[in-house]
Amino acid sequence: MAQKPRKTTMISHGIAAQNRKGRFNYAIKETIEAGLVLKGAEVKSLRLGRAMITESYAGERDGELWLFNSYIPEYQGGVLSRFETRAPRKLLMQRKQIQKYLGAIAKDGATLVPLDIHFNPRGVAKVTLGLGEGKKNVDKRHAIAERDWQRDKARLLRDKGRGDY
């Protein structure tokens, strides 16, 4: 009896890791997509969707942009090359873009927050960065209240057609 081929759980394109708290903790003014320098085993581990970028940030090192404190676990598929799970990873952007965002960080006190790591349609790993400023607790409470109101409004509109009100 022939066995069915198993469906692979690897991500060929789409989101591999997401920072959902990024938009909550920061007021994002602008987003940019940057390439990511990875080793082969890191790409395989990313394709499994186990990476975490909730505590990571982008910053300068030697005039270039790097992604710091992102966690990509080691790939357990029998690969001999090991890598550091929280190693800084170089971001690939054009020189003018790098200067623009480094200037915004220095002048305005803004932060480059990674919002997600995804694979584009060609299968290349990219990171979406958001240029943002930290929100105050008042702003966060306002965002929570707005989200709750939207949820309640949708519930009321949905139930209105049933006559259960």
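As the structure is a prediction and not an experimental result, all values here were calculated from the model.

Here is what the cut-offs are and how they apply
Residues numbered from 1 in each chain as written. Predicted model: local features only at pLDDT ≥ 70, side-chain atom pairs only at ≥ 80, totals over all residues. Heavy atoms only, no water. Helix = DSSP H or I, 4+ residues; strand = E, 2+ residues; numbered from the N terminus. Polar contact = N/O pair within 3.5 Å; in protein donor to acceptor, adjacent residues only side chain to side chain. Contact = heavy atoms within 4.5 Å. Buried < 20%, exposed > 50% of the residue type's maximum accessible area, 1.4 Å probe, protein only. pLDDT = per-residue confidence, 0-100.

Examined against the element boundaries, Ser 70 turns out to sit in the loop between strand E4 (64–68) and strand E5 (89–92). Within polar-contact distance, the side chain of Ser 70 engages the side chain of Arg 89 at 3.2 Å. In contact with Ser 70, not counting residues within four places along its chain, are Met 52, Ile 53, Ser 56, Thr 85, Arg 86 and Arg 89.

Attention now moves to the environment of Leu 38. The topology assignment puts Leu 38 in the loop between strand E2 (26–36) and helix H2 (40–47). On the basis of relative accessible area, Leu 38 is assigned to the buried category, the value being 18%. Remark: the alpha-carbon pair of Leu 38 and Ala 125, spanning 87 residues in sequence, is separated by 8.4 Å.

Secondary-structure assignment places Tyr 75 in the loop between E4 and E5. Sequence spacing of Tyr 75 and Met 10 is 65 residues, and the spatial spacing of their C-alpha atoms is 12 Å. Every residue in contact with Tyr 75, bar those within four places of it in the chain, is listed here: Met 10, Ala 41, Lys 44, Ser 45, Leu 48, Arg 50, Arg 82 and Phe 83.

Across the protein chain, the average pLDDT comes to 85, with 90% of residues at 70 or higher. Looking across the protein chain, the model is least confident in helix H1 (residues 20–25), with a mean pLDDT of 84, and most confident in E5, with 93.

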